[in-house]
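In case you want the letters, here they are:
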Amino acid sequence: MADPSECPSVSEGLLPPELHAWMLLLAATGAVEQELRSAVKDGLDVSHDEFLVLCLLGARPAEGVRMTKIAELLGRPKTRLTYQIACLQHAGLVTRKSVCGDKRGVEVALTEKGRRLLAESSGTLAATVKEALTRFMGADQREALRALLPDLALEARPE
């Protein structure tokens, strides 16, 4: 666990609380992504960006998601996303199909293999996220982050 004296508090420095909180969130996100990159590559044999696509699709396992929506949600250019989807499709993790009634629309969905891969690896990857946050944030800061993310708040336990 991070030493609370090493975790910056809102009262320090020149930044207003909103900017300070944003910077803390960016730093925590960076720490988590750094840890996840190697865990994802080792455990799933996909890139970090491909993993983000799988997670987005995993949030809606019974339905597909249009590529334009994936690009929007991940903040990725459509051309880069097309390459990532092609790699995932080649690995047998996703399918692509045209959207009925829209010649240009393409919908992407997880395959059974993709669902299994996410299910088998999600516990380990969730632990990786928790460990990264634990090293970076104090208990109070992690609790505040959980409060912002409803799914984590349900799992919050006093430490």
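Everything numeric in this text was worked out from a predicted model, so none of it was measured.

Visitor: Talk me through the side chain of T111; I want residue IDs and the actual numbers.
Guide: Relative to the helices and strands, T111 is located in the loop between β3 (102-110) and α5 (112-136). Engagement of the side chain of T111 in a polar contact is seen with the backbone nitrogen of G114, the distance being 3.1 Å. Not counting residues up to four positions away in its chain, the partners in contact with T111 are G92, L93, V94 and T95.

Visitor: Could you give an account of unusual backbone geometry, naming the residues involved and the relevant values?
Guide: The phi dihedral of D45 is positive, around 60°, even though this residue is not glycine. Mapped onto the fold, D45 is located in the loop between α1 (17-44) and α2 (48-58).

Visitor: Tell me what's going on with the packing of α2 against α5, and back it up with residues and numbers.
Guide: It is the contact of α2 with α5, at a shortest axis distance of 12 Å, that shows an interaxial angle of 110°. Here α5 runs roughly perpendicular to α2, going by the angle between their axes. Here α2 contributes F51, L54, C55 and G58 to the contact with α5, which in turn contributes L117, L118 and L125.

Visitor: A description of the pairing of β3 should follow, citing residues and the corresponding values.
Guide: Two elements, strand β1 (residues 65-66) and β3, share two bridges in a ladder whose sense is antiparallel. Bridging from a neighbouring strand, V65 pairs with V108 of β3. Bridge count for strand β2 (residues 94-99) against β3 is six bridges, and the pairing is antiparallel. The residue bridging R96 from the neighbouring strand is V108, located in β3. Hairpin connection from β2 to β3: two residues lie between these consecutive antiparallel strands, with G101 at a positive phi of about 85°.

Visitor: Break down the sheet that holds β1 for me, with residues and values.
Guide: Taken in spatial order, the three strands line up as β1-β3-β2 in an open sheet, and their pairing is antiparallel. Two strands bound the open sheet, and with one partner strand each, they are β1 and β2. Set on the sheet, helix α4 (residues 78-90) makes contact with β2 and β3; between it and β2 the angle comes to about 125°.

Visitor: I'd like a rundown of the pattern of salt bridges, residues and numbers included.
Guide: Where charged atoms from two side chains of opposite charge approach closely, those side chains can pair. In the structure shown here, the tally under the stated rule is seven salt bridges. Linking K69 and E72 is a salt bridge whose minimum nitrogen-to-oxygen distance equals 3.5 Å. Of this pair, K69 and E72 both sit in helix α3 (residues 67-74), three residues apart, roughly one helical turn. Taking the relative accessible area as the measure of exposure, E72 reaches 55% and is therefore exposed. Three or more residues are tied together by salt bridges with common partners; here these are D49, R76 and R80.

Visitor: I'd like a description of the nonpolar core, backed by residues and values.
Guide: By size, the foremost hydrophobic cluster in this structure holds 31 residues, and its most contacted members are V46, F51, V53, L54, L57, I70 and V94. Listed by contribution, the elements that provide at least two residues to this core are α1, α2, α3, α4, β3 and α5. No other element matches the six residues that α1 contributes to this core. The contact partners of V46, leaving out residues within four places of it in the chain, are V40, K41, F51, L54, L88 and L93.

Visitor: Talk me through the environment of A27; I want residue IDs and the actual numbers.
Guide: Relative to the assigned elements, A27 resides in helix α1. Owing to a relative accessible area of 32%, A27 belongs among the partly exposed residues under this scheme. Sequence separation between A27 and F136 is 109 residues, and the spatial gap between their C-alpha atoms is 8.4 Å.

Visitor: Summarise the packing of α1 against α5; cite the residues concerned and give the values.
Guide: For the pair α1 and α5, interaxial distance at closest approach is 9 Å and the crossing angle is 145°. As for the relative orientation of α1 and α5, their crossing is right-handed in sense. Here α1 contributes L24, A27, A28, A31, V32, E35, L36, A39, V40 and L44 to the contact with α5, which in turn contributes L117, S121, L125, T128, V129, A132, L133, R135 and F136. Class assignment of the residues belonging to the contact of α1 with α5 gives a composition of 15 nonpolar, two polar and two charged.

Calculation notes
- Residues numbered from 1 in each chain as written.
- Predicted model: local features only at pLDDT ≥ 70, side-chain atom pairs only at ≥ 80, totals over all residues.
- Heavy atoms only, no water.
- Helix = DSSP H or I, 4+ residues; strand = E, 2+ residues; numbered from the N terminus.
- Polar contact = N/O pair within 3.5 Å; in protein donor to acceptor, adjacent residues only side chain to side chain.
- Contact = heavy atoms within 4.5 Å.
- Axes fitted to C-alpha atoms, helices over the stretch in contact; angles between N-to-C directions.
- Parallel < 35°, antiparallel > 145°, perpendicular 65-115°, else oblique.
- Pairing = 2+ DSSP bridges.
- Salt bridge = Lys/Arg side-chain N within 4 Å of Asp/Glu carboxyl O.
- Buried < 20%, exposed > 50% of the residue type's maximum accessible area, 1.4 Å probe, protein only.
- Core = buried A, V, L, I, M, F, W, Y, C linked by side-chain atoms within 4.5 Å.
- Left-handed = near helix turned anticlockwise from the far one by under 90°.
- Nonpolar A, V, L, I, M, F, W, Y, C, P; charged D, E, K, R; others polar.

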